[in-house]
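Each chain, letter by letter, is given below.
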Amino acid sequence: MAYDIHSDVRFAPLEVIDAGKLVDENTQPWWNQSLALVNDSVARIGVFLGEFHWHKHDREDELFFVIEGSLLLDLRDPDERTVELSPRQGMVVPKGIVHRTRAKQRTVVLMVEPASVQPTGD
């Protein structure tokens, strides 16, 4: 599966962030866009349908917060388990934890992570 990942920051400080419009205009099954920088972190909005590959981030924690749909978060932490997140639920995946995200239906997720993160993993 191809991932449509945009690391360019779309909105400047004091600019209204219309994430809903970006999501509504998206036609890709796996897409995300950096919205804004907040200190040393970046807020991203994503649309997920299907599964991302297993990966980890050696230096960065990641927050996944579901806005619409249902996100499956597969973890190897040290046990292998899956957590299902519903709208208005989130989870922080600590640095170094091998994980992947999956969605059986179109799911919209807000992610917050250090701006240094490589979205596809280290």
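For the structure, see preceding data.
Predicted model, so just to flag it, every value in this text is computed and none were measured.

As for the pattern of salt bridges
With the rule as written, the count across this model stands at eight salt bridges. The closest approach of N and O atoms between Arg100 and Asp74, which form a salt bridge, is 2.6 Å. Within this pair, whereas Arg100 is found in strand 8 (residues 98–114), its partner Asp74 is found in strand 5 (residues 71–76), the two being separated by 26 residues in sequence. Across the pair, Asp74 and Arg100 agree in class, each one buried.

Quick word on the side chain of His99
As for its position among the elements, His99 is in strand 8. Overall, His99 belongs to the buried group, its relative accessible area being 1%. Only 2.8 Å separates the side chain of His99 from the side chain of Glu62, close enough to count as a polar contact. A polar atom in the side chain of His99 sits 2.9 Å from the backbone oxygen of Ile97. In contact with His99, other than residues within four places in its own chain, are His53, Trp54, His55, Lys56, His57, Glu62, Phe64, Asp74, Leu75 and Val93.

Points about unusual backbone geometry
Glycine aside, the phi torsion of most residues is negative, and most peptide linkages are trans. With an omega of -5 degrees, the peptide bond between Asp77 and Pro78 qualifies as cis. In this fold, Pro78 is placed in the loop between strand 5 and strand 6 (80–85). Positioned with a positive phi, Leu14 is a non-glycine residue whose angle comes to about 70 degrees. Residue position: Leu14 is located in the loop between strand 1 (4–6) and helix 1 (19–25). Located in the positive-phi region is Arg88, a residue other than glycine, with phi close to 70 degrees. Checked against the element boundaries, Arg88 lands in the loop between strand 6 and strand 7 (90–93). By relative accessible area, which is 75% here, Arg88 ends up exposed.

Parameters and conventions
Within each chain, residue numbers correspond to sequence positions counted from 1 in written order. In keeping with the predicted nature of the model, local features appear solely for residues at pLDDT of at least 70, side-chain atom pairs appear and are counted solely at 80 or more, and the whole-chain, interface and lining totals rest on all residues. Side-chain measures were taken over the full set of non-hydrogen atoms in the model, leaving aside hydrogen atoms and water. The rule for a salt bridge is simple: a side-chain nitrogen of Lys or Arg has to be within 4 Å of a carboxyl oxygen of Asp or Glu. Helix and strand definitions here come from DSSP, where helices need a minimum of 4 consecutive H or I residues and strands a minimum of 2 consecutive E residues; each element is numbered from the N-terminal end. Exposed residues in this analysis have more than 50% of their type's maximum accessible area, buried residues have under 20%, and partly exposed residues fall in between, with area computed by a 1.4 Å probe over protein chains only. We define a polar contact as two N or O atoms separated by no more than 3.5 Å, with the added condition that, inside protein, one atom must be a possible hydrogen donor and the other a possible acceptor, whereas residues neighbouring each other in sequence contribute only through side-chain atom pairs. Pairs of residues are marked as contacts when any of their non-hydrogen atoms sit within 4.5 Å.

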